Each structure stands twice: as C-alpha cells, then as structure tokens.
Amino acid sequence: MKKLDTTPKQDGFRMPGEFEKHAGCYMIWPERPDNWRLGAKPAQAVFAEVANTIGKYEPMTMIVSKAQYSNAREVLNDYVRVVEMANDDSWVRDCGATFVINDKGETRGVDWTFNAWGGLVDGLYFPWDSDDKIAMKMCELERVDRYRVDDFVLEGGSIHVDGEGTVMVTEECLLSEGRNPQLSKEEIGQKLCEYLNCEKVLWIPRGIYNDETNGHVDNMCNFVKPGEVILAWTDDENDPQYERSMEAYEYLSNETDAKGRKLVIHKMYTPAPILITKEESEGVDSVDGTLPREEGDRLAASYVNFYTGNGFIALPVFNDPNDEKAIKLLEELFPDRKIEPIYAREILLGGGNIHCITQQLPL
Ligand code: KQY
C-alpha cells in the first residue's frame, strides 16, 4: 500500500467522530510482565471480555504476538479475528492507525510517530519500535494508503474529534517535553488540523491526576456528539482532581467549537481514589526502563475512558458507588446504544482503560 506525501486535509479526508458508524475495531493482546501483573493472565481475561463484547456489535480484530497466538485464539470467541503481529504492549489507541475517510466512502490511515508516551524524556518503556510499526501494518491489513507523519509524535488517546472540524486535546500532553519540543503550540495545532482535517483545537489545560500519559484527553473529556461533551468530575475539593476538572470546565464553558457552537458540558463523577495494593504491585516484574508499579500509587481511574461503538458503549467500571451514576448518565445521553459495563481494574493497573486499548475503523 502507498505511503502518501500529502495530508488528509489536502486530499479531502477527515477523522470522523467515534460516535459515527464503524466498520470494525482493533485491539492488541497484553503479555508483557513488567506492565501486567502475574504474567498478564488477569489482564488477558479482561481484554478477552472487552473483545468478545465489542465483537458482538462490530468486526473485532485482535493483534497478538507469535508467543501468545494459540492462547489468545483459544480464549477469544470465534467471531474475533486473531492476527499475529509483533508488538511492545497493548495500547492500540496510541500506537495504531488513526483512520480518516472521505465522502466517496474511501478510508486511509494516519501513521503518527509513536515514542511510548515521551521517548527517552519520560516514556513508559523502551524500546517501542514494534509498536511504531503497528499503524503501518493495520493499513496493510485494511488495504488502505497511509500518511506517515515522521516529524510529529502523537498518540490516538491524546485526541478526540467531533467529526465536524473540532479536535480536543490537553496542553499537559501535547506540549510535554517528550513529544514535540521543537514545535510551538501554534505549530502543533496546525499539524493536528492538517492531519485530522480540523479548523479548531480545544486546548483543555490538564487531564486526569497522575495519568502516566501526561494527561491524555481520552481519560478526561469525550464528545457525545458535535457541540456536547462529557467531562470527568469530582466535587471533593481535597482531591487533586478537583482543580483539574474545574479549570477544564471553565475553559470549555468559555469556548466555542469549529462551527461556532457553545459547548454543552455533562459532568461524569470519577470513582473514589483507587490505589495499587501490595499484592498487585508485587505481581509486576521490575525492569529497568519500565515505569514501576508501587504499592499505594493512585491510578488514573475515570469512566470517561469508554469506547463508543455501533449501538453500544463499552464502559469501564470499578465496583464503586459512582458506577451506577456513570451508567445512568450514558443511558440518558446515548438512548440508542446499549451500555456494556466491564469491571476494568486490571486494565487500569496497566496504565489506561477501555478506550486506550481499542481503535475504531470507521465506515
Ligand atoms: O493510553 C494509555 N492510557 C496508555 C497507557 C500506557 C501505559 C503503559 N504502561
């Protein structure tokens, strides 16, 4: 398949909102024991549940290493396509292709440079070269041409679009030292607009407290539809998340989107702080160069990290009283989609959640 030298904007391709129709979804099977406790066995059970759930609604492809192919094939339902591919970890939202479409029903992929969330400055593991090839391989599998962006580091979890010209990011992440320190905020905004085909960037100041991705927007805020967003929220003034959510609320309240609309903001209450237990910490292999998992560390838990698919929402839940509130809110905002809650502590322990481990292929 071709590597293109133009941009999606020049060619009339745009990234659609996640709430638009999908042709499928991708995931990567977890296995590295320095990120996933107990040799990734508990995480694999939850990844299988997520894949089998999403696969009921849209074609699901699971990317798996050679070593794990037979195991994954055994555990996953028959309707999940299992494809062998080298990888460094399981965050396809971040290392996978961002697919763009045009009005003729054609699809292409954007293949951003991936450096494990900050490279040698504050990246989360080394090396990441297999992950950086995943987007290209997804484009090959889908038989779509590809925009490789060699001079720009970006993860899919650090952007959300409304499909109508607005992209939402956090300054904390996009302006971090480990990604594109050679570019100004304005230049970063121009790159986003060129490759996603947008006109307006919403710069939320910060993401979820203690998020090891430098505050990915997909844990903090998401679009319900153009003009309407869901924001992670707490009323507890003693929680360090409080001022982050407040400043995001104030920023978004005073902004308009690409079409000049004021935004409707829905507050989604976070669960009570979730900390790594001694047992969980001890189950993770300690490896130089990989972020350690220490007992007592607070995890970046948020219900906003949900996946919006064809006729459903896959929602992380945590056995917290606010689980019910999150389910109710989504039932109200997405009356035509079934809410599929999945107990997701094991994904959270690895540093992300359901949105971070999935990547949609738009129709
Ligand atoms: O998108 C994400 N939240 C990925 C987190 C990566 C964690 C690696 N240990």
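Residues numbered from 1 in each chain as written. Predicted model: local features only at pLDDT ≥ 70, side-chain atom pairs only at ≥ 80, totals over all residues. Heavy atoms only, no water.

(A) Structural view of empty space enclosed by the protein. On inspection of all chains with the given rule, the structure shows 5 cavities of 30 Å³ or more. If you trace the largest cavity, you find 16 residues lining it, with Trp91, Trp117, Leu124, Glu212 and Gly350 closest to the centre. Class assignment for the residues of the lining of the largest cavity results in 6 nonpolar, 6 polar and 4 charged. If you add up the space inside the second largest cavity, you get close to 90 Å³. Lining of the second largest cavity is provided by 16 residues; of these, Met15, Glu18, Ile159, His160 and Gln360 occupy positions nearest its centre. (1 Å grid on protein atoms, 1.4 Å probe; cavity = no way out; pocket = protein on both sides within 12 Å on 5 of 7 lines; lining within 4 Å. Points joined across faces, edges and corners; volume = space filled by probe spheres on them. Nonpolar A, V, L, I, M, F, W, Y, C, P; charged D, E, K, R; others polar.)

(B) Expanded view of the environment of Ala45. Within the secondary structure layout, Ala45 lies in helix H2 (residues 41-54). Sequence-wise, Ala45 and Leu4 are 41 residues apart; in three dimensions their C-alpha atoms are separated by 39 Å. (Helix = DSSP H or I, 4+ residues; strand = E, 2+ residues; numbered from the N terminus.)

(C) The pairing of strand E13 (residues 264-269), seen in detail. The pairing of strand E12 (residues 228-233) with E13 spans 6 bridges and is classified as parallel. The residue bridging Ala232 from the neighbouring strand is Met268, located in E13. (Pairing = 2+ DSSP bridges.)

(D) Examining helix H7 (residues 134-142) more closely. Turning to H7, its buried residues are Ile134, Ala135, Met138 and Cys139. For H7, the angular spread of the buried residues around the axis is 140°, confining them to a single face. Backbone geometry just after H7 places Arg143 at a positive phi near 60°. (Buried < 20%, exposed > 50% of the residue type's maximum accessible area, 1.4 Å probe, protein only. Arc of directions from axis to C-beta.)

(E) Local environment of the packing of aromatic side chains. Following the criterion strictly, the structure yields 12 aromatic pairs and no others. Measuring from centroid to centroid gives 4.3 Å for Tyr57 and Phe312, while their planes differ by 20°, and the two rings are stacked. Pair noted here: Tyr57 is in the loop between H2 and strand E3 (60-64) and Phe312 is in strand E15 (residues 312-317), with a separation of 255 residues, a long-range link. When the ring of Phe306 is compared with that of Phe334, the centres are 6.3 Å apart and the planes differ by 75°; the resulting orientation is edge-to-face. With a gap of 28 residues between them, Phe306 in the loop between helix H11 (278-282) and strand E14 (307-309) and Phe334 in the loop between helix H12 (322-333) and strand E16 (338-343) connect regions that are remote in the sequence. (Phe/Tyr/Trp six-rings, centres within 6.5 Å; stacked < 30°, edge-to-face > 60°.)

(F) Expanded view of the pattern of salt bridges. Within the structure shown, the criterion is met by 28 salt bridges. Here Arg148 and Asp150 are joined by a salt bridge, their closest N and O atoms 2.9 Å apart. Residue classification places Asp150 among the exposed residues on the basis of a relative accessible area of 54%. (Salt bridge = Lys/Arg side-chain N within 4 Å of Asp/Glu carboxyl O.)

(G) Geometry of the sheet that holds E3. As summarised here, the arrangement of the 4 strands in space is E4-E3-E2-E17, forming an open sheet in which the pairing is mixed. With partners counted over all chains shown, the strands left at the sheet margins are strand E4 (80-84) and strand E17 (359-362), one partner each. Along the sheet, successive strands turn relative to each other by an average axial angle of 25°, direction set aside. Where strand E2 (residues 22-28) meets E17, 4 bridges bridge the pair, whose relative direction is antiparallel. Paired with Tyr26 across the two strands is Gln359, which belongs to E17. The sheet strands contacting H2 are E2, E3 and E4, and the helix crosses E2 at an angle near 170°. (Axes fitted to C-alpha atoms, helices over the stretch in contact; angles between N-to-C directions. Contact = heavy atoms within 4.5 Å.)

(H) Layout of the site of the ligand. Inspection of the region around the ligand gives 13 residues, with Asn35, Asp94, Glu212, Gly351 and Cys356 positioned closest. Taking Glu212, its side chain carries an N or O atom lying 3.1 Å from a nitrogen atom of the ligand. Within the backbone of Gly351, one N or O atom sits 3.1 Å away from a nitrogen atom of the ligand. More than half of the atoms of the ligand fall within 2 Å of the grid points belonging to the largest cavity. Counted by class, the shell around the ligand contains 4 nonpolar, 6 polar and 3 charged residues. (Near = heavy atom within 4 Å. Polar contact = N/O pair within 3.5 Å; in protein donor to acceptor, adjacent residues only side chain to side chain. Sits in = over half its atoms within 2 Å of the grid points.)

(I) Looking closely at the nonpolar core. Residues Leu192, Ile230, Leu252, Met268 and Leu315 are the most contacted members of the largest nonpolar core, which totals 66 residues. Ala48, Val80, Trp117 and Ile354 belong to the second-largest nonpolar core, a separate cluster that totals 50 residues. (Core = buried A, V, L, I, M, F, W, Y, C linked by side-chain atoms within 4.5 Å.)

(J) Inspection of unusual backbone geometry at higher detail. Pro127 follows Phe126 through a cis peptide bond whose omega is -5°. Looking at where Pro127 falls in the secondary structure, it is placed in the loop between helix H5 (119-122) and helix H6 (129-132). Of note, the phi angle at Leu38 is positive, near 50°, even though the residue is not glycine. Along the chain, Leu38 falls in the loop between E2 and H2.

(K) A look at the environment of Glu324. Of note, Glu324 is situated in helix H12. Using a relative accessible area of 47% as the deciding quantity, one classes Glu324 as partly exposed. Between the C-alpha atom of Glu324 and that of Pro341, which follows or precedes it by 17 residues, the distance is 9.7 Å.

Note that all results are geometric; they support no functional claim without further evidence.
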